[in-house]
Amino acid sequence: MSNYLLQAGLVASQFALAFIFGWIFYWLFRKLRARFQCRIGPPIIQPLADIVKLFSKKTIMPSAASRPWFTIAPLLALAGYLTALALTPLGVAAPLSVTGDVLVVLIALAIPGVSIIIAGSSSGNPYGAIGSSRELTLLVASEIPFVVSAIALVKAAGGLSMASIIAAQSGTPFLFSYPFAAVAFFIALVLKLGRKPFDIPDAEVEIVAGPLTDYSGSLLGLFELGNVFRWIVLPAIAVDLFFAGGRFTGIPLVDVACFLALCVVIVFIVSYVDSQSTRLRVDQAFKFLLAWGLALALIDLIRASTGWLVW
Amino acid sequence: MLESLKGFLKPSTVPYPYKEIPPAEGYRGKPLYDRDKCIGCGACSQVCPAKAITVVDQGSTRVLRVWHGHCAFCGRCEDTCPWEAIKLSREYVIVTYNKEEAEDKLELELAACASCGSYFTTSRQLAKIVELVEESINKRGASLEEYRKLISLCPPCRSRPEALKEAFKFMLKMG
Amino acid sequence: MSTCSIPIGPFHPALKESLFIRLEVEGERVVGADLKTGYFHRGIEWLASRRTFHQVIFLCERVCGICSDAHATACTQTIEDLLDVEPPERAKYLRALVAELERLHSHFLWFGVALHLIGFDTAFMHAWRDREVVMRVLEAVTGKRVNYAYPTIGGVRRDLTPKLAKFVEAQLVEIERAAERLKETVVNDRMIRARVAEVGVLTKEDAKKLCVVGPTARGSGIDIDVRKDDPYANYDKLEWSVPVFDQGDVLAKTLVRLMEIFESIKMIKQILKDIPEGPIMAEEIKEPVKGKEVFDRVEAPRGELFYYMRSNGTNIPERVRIRTPSVANNHSVPVMLIGYNIADAPIIFASIDPCIACTDRVEVVNVKNGSVKHVTLEDLARRRVML
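None of the values given here were measured: they were computed from a predicted structure.

1. Topic: the packing of aromatic side chains
1) Next: Following the criterion strictly, the structure yields 19 aromatic pairs over all chains and no others.
2) Next: Judged by centre distance (4.2 Å) and plane angle (10°), the rings of A:Phe70 and A:Tyr215 are stacked. In this pair, A:Phe70 is assigned in helix 3 (residues 67-86) and A:Tyr215 in the loop between helix 8 (179-192) and helix 9 (217-242), connecting sequence segments 145 residues apart. Just as A:Phe70 is buried, A:Tyr215 falls in that class too.
3) Next: Each residue in the set A:Phe19, A:Trp23 and A:Phe229 is aromatic and connected to the rest through ring pairs, giving one cluster.
4) Next: Between the NZ or CZ atom of C:Arg131 and the centre of the ring of C:Trp128, over which it lies, the distance is 4.9 Å.
5) Next: A cation over a ring is seen here: C:Arg257 above C:Trp110, with NZ or CZ 4.3 Å from the ring centre.

Laid out in structure tokens, this is it:
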């Protein structure tokens, strides 16, 4: 019993820390994007202010929406991110870990995409329908390089848990031994974070806010909360898979500091790519992801499973 | 791409309302009355395209009012005023919770007719007329006081036979 | 596959003003489109018949915020034709100067909006930052950033001092650098090309049939420009050329506007060099003649702007009629939208540089028997509040 309490406490503290880091990274992205656009950018309190404001407003349910699915969608998104978060090492070991938790993390990270599709289809307006169909296309397109490169790394590490992947990088990080998988994973990362050139189903000029058009008040606040968690989970997984999770020395504080620094580097690169790109059309994005993402990930999958040309 | 990196270090925006950029010289902002020069002739209200300037006689005062809510900041009032009594300032902030702050009001005293007592024009206008003709009256040796008495009659009283006779006599004295 | 009906507007982030486009889509492809205007009607022509000639210019300036000087110049020129007044040479040069500065600011604005609609927010912010330089020049020259109130009957209202002329020249160097940066971005960036090339094609025959004007027509291979065909101000004394591209897609219209920025900069340099000394207002204005009708046209940044006036002998015009270029260009949008994706709809619509404030005509549709009735001026007069 006390073991469970201890684990619950660790998970809760992981969530709290992750909320703070996610807030900082989300703010950092917005500040960097503004600075690249020659603007000043928001103050650090902005993401929290947005969420608090949204929770203080009234939720308006459209009459054509289907109530249960409309309400469940943001909770599903949050659940997906939190599940992945509980299993992700943030510089030190994760509070929960099982064998095969890489698979659990990958599936958990597909759930928010599904929740956006549910949100769009259940809201009963044409913009939501188009947004959902675009999200479905992009979900399929993004899962492929994401999963294939993760599986390549699993093959290379020989074990199906995050801990074993990190342990297998004690010599060189996977970034240097499997760079093609890194590039494919990065492309999928930009899409999963919802950044240009792939921010197609999100808020945009063509379909108002896409699947989230009819959301307001607390439900939108929950989506924004999920967004804050998204900005810590996805860079964390990228750092864990390709940079040995920052565990270069054995000292926990130094490891966490390295981990955060590497996450900041990833946020920086994503912000730069976001600021220099236009938004692609759905068919163009699909072709790009399948052509480049899949090809690069497959190269490394073959390298990892057969052992050819491994360095 | 280079622009992004340059703009990174030096943003092109300022945190307005904490820091303002002053407008250029000659910027057409809110029109404001010069309290000393205006004589209340009302030329500004006649040329205003947005009908933002109203001149209303209330009892013994003439109220001139520029309502900034309708003002188009075109500057015709400034161009037309013969006495340079209304100028467009460089202030552009009209945002306020209080309607009285969005207007410029000027109240001038009306002069009463010496014989019938009705109000017909502002006392400043009469003073201005006297000021303008002072030199030529003194040159011709006529009496300024008499002129002043003649013009303090309202137009209906001025066209009565006795008043016309007095006026004619004065004009003969002027030569 | 059944068609679904997607509304764009009246409230939509893609539109700067209210307009209604209904797209019939199959999946992501647009198979039908319909356009409705009239949400922005303000009764300006009715108000114009209740203002004196001098006041009408300020009213007509406010038809549009972006092309306000084009409206003011057209209105002034029409009144000058009506009253038979010829402005002095210096005034003509100054009018052309402000008109070209306005064309610069309008095209930079359009680039910002178009780049925002295809998602390139960084270039949007940079284009609008460069537009600020033009706005500061306009503020220094005319006194305001929009609605400059610069032309008046017989000339212009403010003179260009030598100090101001030097300031304008210094800023022009900055503007030219900004235009070069914009050209590099638009011409070389592959992702922008992927979004705008071969999208929203308007063929030359369609363009002629629909009578489009301005950069929309010049992007489809039709060589028309009021400044060359019917010169006003001093355009016949300046050396410049009209950019025309043949492909008819959004990229062609973009390149037309880009080249027009460079031509405008060239023209402003010539004006600053060659401007003659002299008065800026005509000495004498004649009385209006009863029953005289005149029309005049001007090249606004969006195309040909057409003003008609009729006088009844008093100092108030009897009828003012404004035909803006956006009214002519709007009809090409349903034709251009068919066959392309929903994702392309905003950029196709923006490629005509819509100034919806300029299109003010109201239609009343009786849904019961499907008849269409145009609202006449008298109906509006009955319902309008007298100012």
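2. Digging into the sheet that holds strand 8 (residues 317-323) of chain C
All names here are of chain C.
1) Next: Across the sheet, three strands lie side by side as 6-7-8; this open sheet has antiparallel pairing. In this open sheet, the two edge strands, each paired with only one partner strand, are strand 6 (293-300) and strand 8. Within the sheet, the average angular offset between the axes of one strand and its neighbour, ignoring direction, is 15°.
2) Next: Pairing analysis gives six bridges linking strand 7 (residues 303-311) to strand 8, with the strands arranged antiparallel. Pairing of Met-309 across the sheet is with Val-320, part of strand 8.
3) Next: Packing of helix 2 (residues 53-61) onto the sheet brings it into contact with strand 7 and strand 8, and relative to strand 7 it is tilted by some 150°.

3. Examining the interface of chain A and chain B
1) Next: Chain A puts nine residues into the contact, and the matching count from chain B is twelve residues.
2) Next: Regarding the contact of chain A and chain B, the summed buried area is about 920 Å², with carbon and sulfur atoms giving 63% of it.
3) Next: In terms of surface lost to chain B, no three residues of chain A exceed A:Arg35, A:Cys38 and A:Ile40, which account for 53% of the buried area on that side.
4) Next: Along the contact surface separating chain A from chain B lie two residue pairs in polar contact (both at pLDDT 80 or more).
5) Next: Elements that contribute at least two residues to the side of chain A that touches chain B include exactly helix 1 (2-36) and helix 10 (252-275) of chain A.
6) Next: Broken down by element, the side of chain A that touches chain B gets its largest block of residues, three residues, from helix 1 of chain A.
7) Next: Partitioned by chemical class, the residues of the side of chain A that touches chain B number six nonpolar, one polar and two charged.

4. Examining the nonpolar core
1) Next: Membership of the largest hydrophobic core comes to 124 residues, with the highest contact counts inside it found for C:Leu23, C:Tyr235, C:Met309 and C:Phe349.
2) Next: Per-element tally for this core: the top contributor is helix 4 (residues 89-117) of chain C, with 16 residues.
3) Next: Counting contributing residues, this core receives three or more from each of domain 1 (4-40 + 328-381) and domain 2 (44-323) of chain C.
4) Next: Contact partners of C:Leu23, with chain neighbours within four places excluded, come to C:Cys4, C:Ser5, C:Ile6, C:Ile8, C:Val30, C:Gly32, C:Ala33, C:Leu337, C:Ile342 and C:Ala345.
5) Next: Of all hydrophobic cores here, the second largest spans 71 residues; its members include A:Leu85, A:Phe174, A:Leu191 and A:Ile237.

5. A closer look at the confidence of the model for chain B
If pLDDT is low for a region, its predicted coordinates should not be looked at in detail.
1) Next: On average, residues of chain B score 87 in pLDDT, and 98% of them reach the 70 mark or higher.
2) Next: Both scores are available for the predicted complex, with the pTM at 0.89 and the ipTM at 0.86.

6. Quick notes on the pattern of salt bridges
A pair can form between side chains of opposite charge whenever their charged atoms are brought close.
Residue and element names in this part refer to chain C.
1) Next: Applying the stated criterion to the full structure yields 49 salt bridges over all chains.
2) Next: With a shortest N-O distance of 2.8 Å, Lys-269 and Glu-176 are connected by a salt bridge. Taken together, the residues Lys-269 in helix 11 (residues 250-274) and Glu-176 in helix 6 (residues 162-188) connect sequence positions 93 residues apart.
3) Next: Residue classification places Glu-176 among the partly exposed residues on the basis of a relative accessible area of 26%.

7. As for helix 11 of chain C
1) Next: With 25 residues, helix 11 of chain C should reach 36 Å at 1.5 Å per residue; the first-to-last C-alpha distance of 36 Å fits that figure.
2) Next: Within helix 11 of chain C, 20 of the 25 residues are buried, which leaves the element mostly enclosed by the surrounding structure.

8. What about a nonpolar patch on the surface?
1) Next: Judged by side-chain polarity, A:Ile20, A:Ile24, A:Ile44 and A:Ile45 come together as a nonpolar surface patch covering roughly 330 Å² of accessible area.
2) Next: Mapped onto the elements of the fold, A:Ile20 is located in helix 1.

9. A few points about the domain arrangement of chain B
Note: interface size is frequently given as the accessible area lost on complex formation between the parts.
Residue and element names in this part refer to chain B.
1) Next: Considered domain by domain, chain B is made up of domain 1 (26-109) and domain 2 (113-175).
2) Next: Contacts between the two partners involve 13 residues from domain 1 and, on the opposite side, nine residues from domain 2.
3) Next: Between domain 1 and domain 2, a total of about 860 Å² is buried, with carbon and sulfur atoms accounting for 56% of that surface.
4) Next: Considering only the surface of domain 1 that becomes buried against domain 2, Ile-39, Trp-83 and Glu-109 emerge as the three largest contributors, covering 51% of it.
5) Next: Remark: the boundary between domain 1 and domain 2 carries zero salt bridges.
6) Next: Here the side of domain 1 that touches domain 2 is built from residues that sort into five nonpolar, three polar and five charged.

10. Examining the state of the cysteines
1) Next: Inspection of the entire model under this criterion finds zero disulfides over all chains.
2) Next: For A:Cys263, which is in no disulfide, the shortest distance to another cysteine sulfur is to A:Cys258 and amounts to 11 Å.
3) Next: Distance from the sulfur of B:Cys71, which forms no disulfide, to the nearest cysteine sulfur (B:Cys48) is 6.5 Å.
4) Next: Taking relative accessible area as the criterion, B:Cys71 reaches 15% and is therefore assigned buried.

11. What about unusual backbone geometry?
1) Next: Residue A:Pro197 follows A:Lys196 across a cis peptide bond; omega there is 5°.
2) Next: Inspection of the secondary structure assignment puts A:Pro197 in the loop between helix 8 and helix 9.
3) Next: At the junction of B:Tyr16 and B:Pro17, the peptide bond is cis and its omega measures out at -20° in the coordinates.
4) Next: You can see B:Pro17 is positioned in the loop between helix 1 (2-9) and strand 1 (31-33).
5) Next: Backbone geometry places A:Cys38, a non-glycine residue, at a positive phi of 65°.
6) Next: Checked against the element boundaries, A:Cys38 lands in the loop between helix 1 and helix 2 (46-55).
7) Next: Even without glycine at this site, B:Lys51 takes up a positive phi of about 55°.

12. Focus: the sheet that holds strand 3 (residues 61-67) of chain B
All names here are of chain B.
1) Next: Spatially, the four strands line up as an open sheet ordered 2-3-5-6, and their pairing is antiparallel. Edge positions in the open sheet fall to strand 2 (53-58) and strand 6 (119-122), since each of these has one partner strand only. Averaged over all pairs of adjacent strands, the angle between their axes in this sheet comes to 30°, without regard to strand direction.
2) Next: Contacts between helix 4 (residues 123-140) and the sheet are confined to strand 5 (103-112) and strand 6, with strand 6 contributing the most and set at about 60° to the helix.

13. Thoughts on the interface of chain A and chain C
1) Next: Contact with chain A, which involves 23 residues of that partner, is made by 28 residues of chain C.
2) Next: Linking chain A to chain C there are two salt bridges.
3) Next: The shortest N-O distance in the salt bridge between C:Asp344 and A:Arg281 comes to 3.0 Å.
4) Next: The tally of links between chain A and chain C comes to nine residue pairs in polar contact (both at pLDDT 80 or more).
5) Next: Put simply, the parts of the chain that give the side of chain A that touches chain C at least two residues each are helix 5 (126-157) and helix 11 (282-306) of chain A.

What counts, and at which threshold
Residues numbered from 1 in each chain as written. Chains lettered and ligands numbered in written order. Predicted model: local features only at pLDDT ≥ 70, side-chain atom pairs only at ≥ 80, totals over all residues. Heavy atoms only, no water. Phe/Tyr/Trp six-rings, centres within 6.5 Å; stacked < 30°, edge-to-face > 60°. Helix = DSSP H or I, 4+ residues; strand = E, 2+ residues; numbered from the N terminus. Buried < 20%, exposed > 50% of the residue type's maximum accessible area, 1.4 Å probe, protein only. Lys NZ or Arg CZ within 6 Å of the ring centre and 35° of its normal. Pairing = 2+ DSSP bridges. Axes fitted to C-alpha atoms, helices over the stretch in contact; angles between N-to-C directions. Contact = heavy atoms within 4.5 Å. Buried area = accessible area lost by both parts, 1.4 Å probe. Polar contact = N/O pair within 3.5 Å; in protein donor to acceptor, adjacent residues only side chain to side chain. Nonpolar A, V, L, I, M, F, W, Y, C, P; charged D, E, K, R; others polar. Core = buried A, V, L, I, M, F, W, Y, C linked by side-chain atoms within 4.5 Å. Domains from an automatic or database assignment. pLDDT = per-residue confidence, 0-100. Salt bridge = Lys/Arg side-chain N within 4 Å of Asp/Glu carboxyl O. Expected span 1.5 Å × (residues − 1). Patch = residues over 30% accessible without salt bridge, like charges linked within 9 Å, V, L, I, M, F, W, Y side chains within 5 Å. Areas by Shrake-Rupley, 256 points an atom, 1.4 Å probe, with all protein chains shown as cover. Disulfide = S-S within 2.5 Å.

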